[in-house]
Amino acid sequence: MKVALGNDHAGYLLKESIIGHLNTTRRSCKDFGVLSEESVDYPDIVALVVKAVLSGEYDCGILICGTGIGMSIAANKYKGIRAALCGEAYSARCAREHNNANVLTMGSRVTGQGLAVDIAETFLTASFEGGRHNRRLEKIIAIENK
Ligand code: RB5
């Protein structure tokens, strides 16, 4: 599984922790920045990560800002992106199993490092269950295509 990561200034340190975990667990990942706590606009980072996922080069994305909300709102503007803002592991698991989410967003000012790593690990190991959930995703795709 190849993971594309991105963050704004608020999410920088938490993103570093997540990358540390991905390296320890030998996951392939690319850091799309930013690489400091200097102020940036989160939609610019979303564009990079989301395009990498939509291109098929990366299986999923992880986006981190202060609350995870801005990243989530911006990512979900892109057709084909299903971004889930998660603050605990149960939602992260369901985001994959039920919603086939392809982007996880988290808030560094909301979620501590240990929990965030747990959420990311859960998101990366869970997989889409299909079945009845396919029908629901097809209805979302129909909305996108209106
Ligand atoms: C930056 O201060 C903050 O607004 C941003 O990281 C994020 O929380 C937006 O949703």
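Residues numbered from 1 in each chain as written. Predicted model: local features only at pLDDT ≥ 70, side-chain atom pairs only at ≥ 80, totals over all residues. Heavy atoms only, no water.

Student: Explain the sheet that holds strand β4 (residues 83–85) residue by residue, including any values.
Tutor: Taken together, the five strands give an open sheet; going across it, the order is β2-β1-β3-β5-β4, and neighbouring strands pair in parallel fashion. Single-partner strands in this sheet number two, and they are β2 (28–31) and β4. Averaged over all neighbouring strand pairs, the angle between strand axes comes to 20°, with direction disregarded. Docked against the sheet, helix α1 (residues 12–24) engages β1 (2–7), β2, β3 (60–65) and β5 (103–107), running at close to 165° with respect to β1. (Pairing = 2+ DSSP bridges. Helix = DSSP H or I, 4+ residues; strand = E, 2+ residues; numbered from the N terminus. Axes fitted to C-alpha atoms, helices over the stretch in contact; angles between N-to-C directions. Contact = heavy atoms within 4.5 Å.)

Student: So what about the site of the ligand? Which residues, and what values?
Tutor: Contacts to the ligand come from D8, H9, A10, Y42, C65, G66, T67, G70 and R109. Here an oxygen atom of the ligand and a backbone polar atom of G70 are 2.8 Å apart. Within the side chain of R109, an N or O atom sits 3.2 Å from an oxygen atom of the ligand. Coverage of the ligand by the protein chains reaches 72% of its 290 Å² of free accessible surface. Within the shell around the ligand, the residues separate by chemical class into three nonpolar, four polar and two charged. (Near = heavy atom within 4 Å. Polar contact = N/O pair within 3.5 Å; in protein donor to acceptor, adjacent residues only side chain to side chain. Areas by Shrake-Rupley, 256 points an atom, 1.4 Å probe, with all protein chains shown as cover. Nonpolar A, V, L, I, M, F, W, Y, C, P; charged D, E, K, R; others polar.)

Scope: geometric values only; no functional claims are made or implied.
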